[in-house]
Amino acid sequence: MDSPVTQAQYATQLSDDTLRDMYRAMLLSRRLDERCWALHRQGKIAFHVSAIGHEGLQVAAAFALNRGIDFTYPYYRDLAFCIALGLTPLDFMLSVFGKAGEPSSGGRQMPSHWSSREKHIVSQSSVVAVQVPQAAGTAFAINYKRKVGLLAADDTTQPRLAYASVGEGGTSQGEWHEAMNWAGIHKLPFICMVENNQYAISVPFDKQSAVPLVERAHGYGVIGVQVDGNDVFATYDAVRAAAERAYTGEGATLIEAITYRLVPHSSDDDDRSYRTREEVQEWKQKDPLLRFQAELLNQGVLTQARIDAFEEAIQASITEAQQQAEAAPDPDIASGLSGVYAEETI
Ligand SMILES: Cc1ncc(C[n+]2csc(CCOP(=O)(O)OP(=O)(O)O)c2C)c(N)n1
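Since we're looking at a predicted model, the values are computed, not measured.

Some words on the overall build of the protein chain
Here is step 1: Along its length, the protein chain carries eleven helices and seven strands.
Here is step 2: Seen through its principal axes, the protein chain has C-alpha atoms that stretch 60 × 50 × 40 Å.
Here is step 3: Across the 346 residues in the protein chain, those meeting the buried criterion constitute 54%.
Here is step 4: The long-range share in the protein chain, meaning contacts at least 24 apart out of those at least 6 apart in sequence, stands at 76%.
Here is step 5: In the form shown here, the protein chain has an accessible surface area of approximately 15,300 Å², with 52% of it arising from carbon and sulfur atoms.

What about the packing of aromatic side chains?
Aromatic ring pairs are defined here through the distance separating the ring centres and the angle between the ring planes.
Here is step 1: The tally for this structure, following the rule as stated, stands at ten aromatic pairs.
Here is step 2: Taken together, a centroid distance of 5.8 Å and an interplanar angle of 35 degrees make the contact between Phe 92 and Trp 114 tilted. Taken together, the residues Phe 92 in helix α4 (residues 89-96) and Trp 114 in the loop between α4 and α5 (131-147) connect sequence positions 22 residues apart. Each member of the pair, Phe 92 together with Trp 114, is buried.

Concerning the packing of α4 against helix α11 (residues 304-327)
Here is step 1: Remark: α4 packs on α11, axes separated minimally by 8 Å, with the N-to-C direction vectors making an angle of 40 degrees. Here α4 is positioned oblique relative to α11, judged by the angle of their axes. Helix-helix and strand crossings are classified by hand; for α4 and α11 the assignment is right-handed. For the pair α4 and α11, contact is made by Pro 89, Leu 90, Met 93 and Leu 94 and by Ser 317, Ile 318, Ala 321, Gln 322, Gln 324 and Ala 325, respectively.

Details of the sheet that holds strand β1 (residues 71-73)
Here is step 1: Strand order in the open sheet formed by five strands is β1-β2-β3-β7-β6, and the pairing between neighbours is parallel. Single-partner strands in this sheet number two, and they are β1 and β6 (223-228). The average angle at which neighbouring strand axes cross in this sheet is 15 degrees, direction not considered.
Here is step 2: Across the face of the sheet, helix α6 (residues 174-185) comes into contact with β2 (162-167), β3 (190-196) and β7 (253-258) while running at roughly 145 degrees to β3.

Quick word on a nonpolar patch on the surface
Here is step 1: Together, Phe 140, Tyr 144, Val 148, Leu 150 and Trp 182 line one region of the surface with nonpolar side chains, adding up to about 510 Å² of accessible area.
Here is step 2: Looking at where Trp 182 falls in the secondary structure, it is placed in helix α6.
Here is step 3: Judged by relative accessible area, which is 35%, Trp 182 ranks as partly exposed.

What about the environment of Ser 267?
Here is step 1: Take Ser 267: it is sitting in the loop between β7 and α9 (277-284).
Here is step 2: For the pair Ser 267 and Trp 37, spaced 230 residues apart in sequence, the C-alpha to C-alpha distance is 7.3 Å.
Here is step 3: Sequence-distant contacts of Ser 267, that is, excluding residues within four places in its chain, are made with Trp 37, His 40, Arg 41, Ala 46, Phe 47 and His 48.

A look at the pairing of β7
A regular strand places its side chains so that they alternate between the two faces of the sheet.
Here is step 1: Of all the six residues making up β7, five are buried; the element is thus mostly covered by neighbouring parts of the structure.
Here is step 2: Bridge count between β3 and β7: six bridges; the pairing is parallel. Note that in β7 the partner of Glu 195 across the bridge is Ala 257.
Here is step 3: As judged from the six bridges shared by β6 and β7, these two strands associate in the parallel manner.

Description of the site of the ligand
Here is step 1: Around the ligand, a shell composed of 16 residues is seen, among which Tyr 75, Tyr 76, Arg 77, Gly 169 and Tyr 199 lie nearest.
Here is step 2: Within the contact set of the ligand, an oxygen atom lies 3.0 Å away from a side-chain nitrogen or oxygen of Asn 197.
Here is step 3: A distance of 2.8 Å separates an oxygen atom of the ligand from a polar backbone atom of Tyr 199.
Here is step 4: Compared with its free state, where it exposes 590 Å², the ligand has 73% of that area covered by protein.
Here is step 5: In terms of residue class, the shell around the ligand is made up of seven nonpolar, seven polar and two charged.

Remarks on the confidence of the model for the protein chain
Here is step 1: With 97% of its residues at a pLDDT of 70 or more, the protein chain has an overall mean of 95.
Here is step 2: This model gives residues 1-5 a pLDDT under 50, and the stretch forms 16 contacts once residues within four places in sequence are excluded.

A look at the UniProt feature "domain: Dehydrogenase E1 component" (unreviewed entry) in the protein chain
Here is step 1: Sequence positions flagged by UniProt for "domain: Dehydrogenase E1 component" (unreviewed entry) are, in local numbering, residues 23-333.
Here is step 2: The span residues 23-333 carries 44% helix and 10% strand; its end-to-end C-alpha distance comes to 40 Å.

Describing α6
Count 3.6 residues to each turn of an α-helix, and residues three or four apart come out pointing the same way.
Here is step 1: For α6, spanning twelve residues, the distance from its first C-alpha to its last is 17 Å, which sits close to the expected 16 Å at 1.5 Å a residue.
Here is step 2: Contact partners of the buried residues in α6: α5, β2, β3, α7 (216-220) and β7.
Here is step 3: Downstream of α6 by a residue or two, Lys 187 has a phi angle that is positive, lying close to 50 degrees.

Describing the pairing of β3
Here is step 1: Burial analysis of β3 places seven of its seven residues in the buried class, the great majority of the element.
Here is step 2: The alternating pattern of β3 places Phe 190, Cys 192, Val 194 and Asn 196 and Ile 191, Met 193 and Glu 195 on opposite faces, both of which are buried.
Here is step 3: A crossover connection joins β2 to the parallel β3 through α6; in handedness this β-α-β unit is right-handed.

Examining the nonpolar core
Here is step 1: Core analysis: the biggest nonpolar cluster contains 68 residues, and Met 22, Tyr 23, Met 93, Ile 191, Tyr 236 and Phe 292 have the highest contact counts within it.
Here is step 2: Contact partners of Met 93, with chain neighbours within four places excluded, come to Leu 32, Arg 35, Leu 39, Ile 318, Ala 321, Gln 322 and Ala 325.
Here is step 3: Grouped together as the second largest cluster of nonpolar side chains are 24 residues, Phe 190, Cys 192, Val 194 and Tyr 220 included.

What counts, and at which threshold
The residue count restarts for each chain, going from 1 along the sequence in the order it is written. A pLDDT threshold of at least 70 governs which residues receive local features in this predicted model, and a stricter bar of 80 or more applies before side-chain atom pairs are shown or counted, although totals over entire chains, interfaces and linings include all residues. Computation of side-chain values covers all heavy atoms of the structure but excludes hydrogens and water. Starting at the N terminus, helices and strands are each numbered in turn, a helix being any DSSP run of H or I of at least four residues and a strand any DSSP run of E of at least two. Under the scheme applied here, a residue whose accessible area is under 20% of the maximum for its type counts as buried, over 50% as exposed, and between as partly exposed, the area being computed with a 1.4 Å probe on protein chains only. Any two residues having at least one pair of non-hydrogen atoms within 4.5 Å are treated as being in contact. Calculation of accessible area relied on Shrake-Rupley with a 1.4 Å probe; when residues are assessed, cover is drawn exclusively from the protein chains displayed. Pairs were defined over the aromatic rings of Phe, Tyr and Trp, the Trp ring being its six-membered one, requiring ring centres within 6.5 Å. Orientation was assigned from the angle between planes: stacked under 30 degrees, edge-to-face over 60, tilted for the rest. Fitted lines through C-alpha atoms serve as axes, helices being fitted only where they are in contact, and the angles separating the N-to-C directions of these axes extend from 0 to 180 degrees. Under this scheme an angle from 65 to 115 degrees is roughly perpendicular, one under 35 degrees roughly parallel, and one over 145 degrees roughly antiparallel; angles in between are oblique. Handedness of a helix crossing follows the sense of rotation of the near helix relative to the far helix, less than a right angle counterclockwise being left-handed and clockwise being right-handed. For two strands to be treated as a pair, DSSP must find no fewer than two bridges joining them. Grouping into patches uses exposed residues only, defined as over 30% relative accessible area, and leaves out salt-bridged ones; the cut-off is 9 Å for like charges and 5 Å for nonpolar side chains (Val, Leu, Ile, Met, Phe, Trp, Tyr). Counted as salt bridges are all cases of a side-chain nitrogen of Lys or Arg within 4 Å of a carboxyl oxygen of Asp or Glu. The cutoff for a nearby residue is simple: one of its non-hydrogen atoms must lie within 4 Å of the molecule or strand. Contacts described as polar in this section are N or O atom pairs within 3.5 Å, which, within protein, must combine one atom able to donate a hydrogen with one able to accept it, while residues neighboring in sequence count only if both atoms come from side chains. Three classes are used, and their members are as follows: Ala, Val, Leu, Ile, Met, Phe, Trp, Tyr, Cys and Pro are nonpolar, Asp, Glu, Lys and Arg are charged, and the others, Gly among them, are polar. pLDDT is a per-residue confidence score from the predictor, ranging from 0 to 100. UniProt positions are given in the numbering used here, feature names are shortened, and annotations may be inferred rather than shown by experiment. To estimate how far a helix should reach, multiply one less than its number of residues by 1.5 Å. Consider the strands pointing away from the viewer: the crossover is right-handed when the path from the first strand over the helix to the second runs clockwise. Take the buried Ala, Val, Leu, Ile, Met, Phe, Trp, Tyr and Cys residues and link them wherever side-chain atoms come within 4.5 Å; each set so joined is a nonpolar core.

Written out as structure tokens, the structure is:
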């Protein structure tokens, strides 16, 4: 396994303000997520898929990219990632309530199928892993533009890499292997983040692969890095180093971030049928939010008073977003086919 990032220590260069912004994004994601579980239990929303447990690696990854400029292909579990890219509580509440004005699809897609032209988040399908070859294709286009002189390697106003995230279960799909192979052959400015939470719904990782995931990187000719996904600093370093390699033409990186999903797969799943409560309890001790909070308190970047202020402001913003979304109109039925077929004729 190549692991050139451990000495990089990009994270040590993060300012206190940035670290607090990262903490706030993680906290907002967690509280918004918890509210959605409650709304589902109250029968107010139909479905929720959660980022609880993944917030550390997602926020670290988003902050390590050129946010809003580089192209990203997140998957449904990437609430914290999208919040770090600027998704607001109202945007998300409109999607879980399926209301008009919802930014990803106008309330037509399932929630958590992120999309934002302005934030360079590319719309995804419900079929797992197909976002990975799409992202590799985008990376190919970036490479091509660079080669023909349409894009300067140091132009930070233009997208210089494509980032895709996927669950470890998604890596069992053929598309994932095709994308990684393509990325290796063409040395693409591409990052594949695998959020390895150890289960694809009820299927544990040892029923999906005979080797650690990161070892597959070698077979495709890309750099492979395994990182503790509950460690914000380590994940930031890994993604930042991968981004630098992409920007400087050194090729693609597969990052395997080890984490754990602390809640069921979705609001439709009962995880008691396939994992023990003791196992879940053990991983709760490694909660990335609590760990990051403890680290920042220890460094003096956070104080209990600041944490309390964040909590209060975040809860107020979520309640306001919920009220606005509940009061928002449903999508207009007459517009049901808009955005499905091209509206201009050639
Ligand atoms: C091709 C395909 N097969 C099955 C499904 C149903 N499905 C949706 S999510 C999921 C589990 C994916 O697990 P993983 O990739 O590990 O991501 P996680 O949900 O654990 O974050 C499955 C099987 C699907 N959407 N697409």
